[in-house]
Amino acid sequence: MTRTEITLSVNGCQHTLALDPRVTLLDALREVIGLTGAKKGCDRGECGTCTVLVDGRRVYACLTLAVMHDGATVTTVEGLADGTDLHPLQQAFISRDALQCGFCTPGQILSAIGLLAEGRATSEQEIREFMSGNLCRCGAYPNIVAAIRDVAGAQ
Amino acid sequence: MTTQLFGQPVERREDPRLLRGEGRYVDDLGRSAAAAAFVRSPHAHARVLDVDVTGALNVDGLLAVYTFEDLPERVAQPLPLLIPHPALTHPRTQYALARDEINHVGEAVVMVVATDRYRAEDAAERVAVTYEPLAPVVGLEQSEAARTLVHADVPGNRGAHMVQQVGDAPAAIAAAPHRLDFRLDIERSASTPLEGRGVYARWDAQDDSLRVYSSTQTPTGVRAAIAAILELADAKVEVIAPDVGGGFGVKIMHPWPEEILVPWAARTLGREVKWTEDRREHFVAANHERAQEQHVSVGFDDEGRILGLDVTFLHDHGAYTPYGIIVPIITSTQLPGPYRLPAYRVEFSSLYTNTVAVTPYRGAGRPQGVFAMERTVDRIAAHLGLDRTEVRARNFVLPDEMPYDLGLIFQDGRPAIYDSGDFPESLRMLKELIDWDGFTAVRAAAAAEGRRLGIGLGCYVEGTGVGPYEGGHVHVETNGRVMVSTGLSTQGQGHETVFAQIVATELGVPMADVHVTTGDTRRFGYAVGTFASRAAVMSGNAIALAARSVRAKAVKVAADALEANPDDMEIVDGVVRVKGSPADAIPLRQVAVLSNPLRYSFSEEAKAATQFAAPADPDEPPIPRGEAPGLESRDYYSPIRSTFANGMHAVIVEVDPDTAEVKVLRYAVVHDCGNLINPRIVEGQIHGGVAQGVAGALYERMAYDEHGQLLNASFMDFLMPYATEVPRIETAHLQTPSPLNPLGIKGAGEAGVIPGAAAIAAAIEDAEGYPIMRMPLSPDDLFRLRREHAEEAAS
């Protein structure tokens, strides 16, 4: 099998990977690098549990091939906390009880970070609209929206 | 001071782990395991003529291809019928791999195992199965007509038929001043947790033992099934539910074919094997629910008091009946809700179709029953021109009638007897919360702007905390850690938090000292599972009882050591002390040392428990008769019958006059689950339930075509609510404690979903001005209904 070599900077660590070209970014993170924070809820870009930041933008890691991102900087949920200090969104999710089973949560957090960076969290309606790519079957949406509002308001 | 933690809205202790990406779900484990993939039937009803695996054999990394012919005798039997019932006269369960007949799209035919999932799927693609398609049976109408049979030996496609009655409903209806007859329909939906199913098995050849991680709601159930089918001793099978990414009912089903096949393959191949369900597989191979056609007859007086109710319904249970007829039994017995029905008759037929099997999804038959009952009450109100809340109030079972015996047999095989509740007070609270009486003005103000609003409500009673039992183990270690375990598993309900609150409160220790494990047969081997809103009631009470025993023992051991009277002792902040004399105190960790007489010391503290360290009565054994070493206790809670929670929802919707879109403007919930252990967690459970209730009313349906193909087997087409569809939810709690259990609690897990479809239907009906008789209702459905009613009005 042909393998393609790429380099990824993931959460500040450099990884050189020799990959089957059909391997998705999500599988490269989970299966090859061993970072299982990003989840596979549908594997076809419909649920958002695999959301990560690639060069600062939120993407569905299941819908893109790893070899397309040679040299990219990737942030996953494992890279957010600073030691024992949680990222403000992680803390807001606790304070607002914005998760139940936790499976969609890494994707929600990364998506919310992307949303804040995009400057699209100016109202509740806007947050709901621009978080609509991240499903939560536990239905924690009211509290997810509240957590994002808290952080947006503090910024 | 130890805080009274029971009842406090403490933050969830599982959150930091999950938020850091440190959750461990099945697919996060076993990175080096071999991967399984399945070849599944593309036909809804077919005969398997030939399976040709030769094309797969040269795929790089292939380890094994298994068909039905490869299965050993015990694995080749039909999977267990989990809940037999006398009324289920024609039960059928599937084979782990299809033998000769396929009964729904998605049924597994071949299992492939390879070094990784990519290769396993490469190989699966190369397996050629030849089918002879048979005519499929899809939908209740076709099934009842029975021109085609799902199983050739099940006449009329009827798996079960059951009647329950109290009084003579047909006679009461015939004699009543008013009578209404109508039909209601509810379509299929499903749990669809974001984490699908998953199984990871490790066979230890040296130890002859098996460890299985499964995304399940019942690890002990899975263990019993695996041990029986793979013919292993229970003690040689460990089943662990790690973090589970949502269950909502579907994961109480067990053993799935994959839960048997993956461990079997691990043992056969002598290596770790993992299977992670993909999304399409979950839609076509994991179970669904809902789907009923109901025929209601009701007789009532001029005041709107129900005199007799007769409901006949058809229940679509899909291709197989592994979970028995629990869902339609729950519909039958929970249908009366908070109302006094002097005469009630309910009859159902549970029918086979060539679709995925039906087993509980959050609510488990209750949303359907509540839909029938609440639609009935609204029809009565409309018929008599009465306020809908007034008709409800006139029919309520009153607080002084508790305990109230429905005269029906509930899903646990025991009488359905309401133990608690104050329905008039709940209704008063709900009307206040949504401002029911002020809605006329709200509607008029909106109408003046050209907007169309409606209000509706739905009431329910929910049997929760069904038996037979759960257990709890509480162990104070000599380092002061309090280790707690219970056998049922967790799918996001915050059990680690609430069980720790219970133990901290009962035992008098800081919550930080309490460590909770759920769903691990290595820690607790006797359990039933997490379903029917039962975990807090069952395991919560079992753990509380165990903690109370530990407390009693701690006080006794400490009293002996301090030469004090046990009645004068208290435990505060992890220290056992004499009341009013804080100097006379021993930390619990030291009590733990003393409670285990030692020959060999292992630490400075442990020396105190050795044979020459402490004076003891030489004429008594070191461990008093009837007692055991260690500061620990195992206890069980086994209730006489279920406890009944209740609630009422009110909703205000806006319907678009042009596009027929329905928007939920306000959603109010009054909820009574007895004493609250943690209001934050209860609130979260309600939010989640309401989201699924709104979904069931407006968005979600399993769209099978006439060939039995599921047309919307993806999250793109099966419309789950996004952040944009779930409204802000206003809640109020009434707490009528259950007299049946020590903590006075009732279940809360399913509550939010139960009356959603009924309440939203009522609100749409109120906005539109004609009856809404089915759920879910898409804008397209509503648009057509509008046109039909406009045409009717015109003719």
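Note that this is a predicted model, so its numbers are computed, not measured. (Residues numbered from 1 in each chain as written. Chains lettered and ligands numbered in written order. Predicted model: local features only at pLDDT ≥ 70, side-chain atom pairs only at ≥ 80, totals over all residues. Heavy atoms only, no water.)

Undergrad: Outline the confidence of the model for chain B, listing residues and values.
TA: Of all residues in chain B, 99% attain a pLDDT of 70 or more, and the chain-wide mean is 96. Of the two predicted TM-score estimates for the complex, the pTM is 0.97 and the ipTM is 0.97. (pLDDT = per-residue confidence, 0-100.)

Undergrad: Kindly report on the interface of chain B and chain A, identifying the contributing residues and their values.
TA: In this complex, chain B contributes 56 residues to the contact, which on the side of chain A involves 55 residues. In total, chain B and chain A occlude about 4500 Å² of area from one another, counting both sides; carbon and sulfur atoms represent 53% of this. By the criterion of area lost to chain A, the three top residues of chain B are B:L19, B:Y118 and B:L194, representing 18% of everything that side buries. At the boundary of chain B and chain A, one finds seven salt bridges. Put simply, A:D97 and B:R12 hold a salt bridge, and the shortest N to O gap is 3.9 Å. Across the contact surface, chain B and chain A share 33 residue pairs in polar contact (both at pLDDT 80 or more). Secondary structure elements with two or more residues in the side of chain B that touches chain A: helix 1 (15-19), helix 2 (117-125), helix 7 (279-285) and helix 16 (679-698) of chain B. Element by element, the count of residues in the side of chain B that touches chain A is highest for helix 16 of chain B, at nine residues. Taken together, the residues of the side of chain B that touches chain A break down into 25 nonpolar, 15 polar and 16 charged. (Contact = heavy atoms within 4.5 Å. Buried area = accessible area lost by both parts, 1.4 Å probe. Salt bridge = Lys/Arg side-chain N within 4 Å of Asp/Glu carboxyl O. Polar contact = N/O pair within 3.5 Å; in protein donor to acceptor, adjacent residues only side chain to side chain. Helix = DSSP H or I, 4+ residues; strand = E, 2+ residues; numbered from the N terminus. Nonpolar A, V, L, I, M, F, W, Y, C, P; charged D, E, K, R; others polar.)

Undergrad: How would you explain the pattern of salt bridges if you had to name every residue and give the values?
TA: A full pass over the atoms with the stated rule returns 72 salt bridges over all chains. Among the ionic pairs, B:D27 bridges to A:R30, the shortest N-O distance being 3.1 Å. Remark: A:R30 occurs in helix 1 (residues 25-33) and B:D27 occurs in the loop between helix 1 and strand 1 (34-40); the pair is interchain, linking two chains. Among the residues examined, A:R30 registers a relative accessible area of 2% and is labelled buried. Notably, a salt bridge pairs B:R179 with B:D181, separated by 2.9 Å at the nearest N-O pair. The class of B:D181 is partly exposed, set by a relative accessible area of 44%. Each member of the salt-bridge network shares a partner with another, and the members are B:R40, B:R117, B:E121, B:R197, B:E258, B:E277 and B:E281. (Buried < 20%, exposed > 50% of the residue type's maximum accessible area, 1.4 Å probe, protein only.)

Undergrad: Residue-level account of the domain arrangement of chain A, with values.
TA: Residue and element names in this part refer to chain A. What the domain assignment lists for chain A is domain 1 (4-79) and domain 2 (88-154). Here the C-alpha centroids of domain 1 and domain 2 sit 21 Å apart. Buried surface at the junction of domain 1 and domain 2, summed over both partners, amounts to about 1200 Å²; 59% is from carbon and sulfur atoms. Applying the counting rule to domain 1 against domain 2 returns one salt bridge. Close ionic contact of R58 with E118 constitutes a salt bridge, the shortest N to O distance being 2.9 Å. Summed over the shared surface of domain 1 and domain 2, the result is seven residue pairs in polar contact (both at pLDDT 80 or more). At the level of secondary structure, the elements contributing two or more residues to the side of domain 1 that touches domain 2 comprise strand 3 (51-54) and strand 4 (57-60). When its residues are assigned to classes, the side of domain 1 that touches domain 2 shows five nonpolar, seven polar and four charged. (Domains from an automatic or database assignment.)

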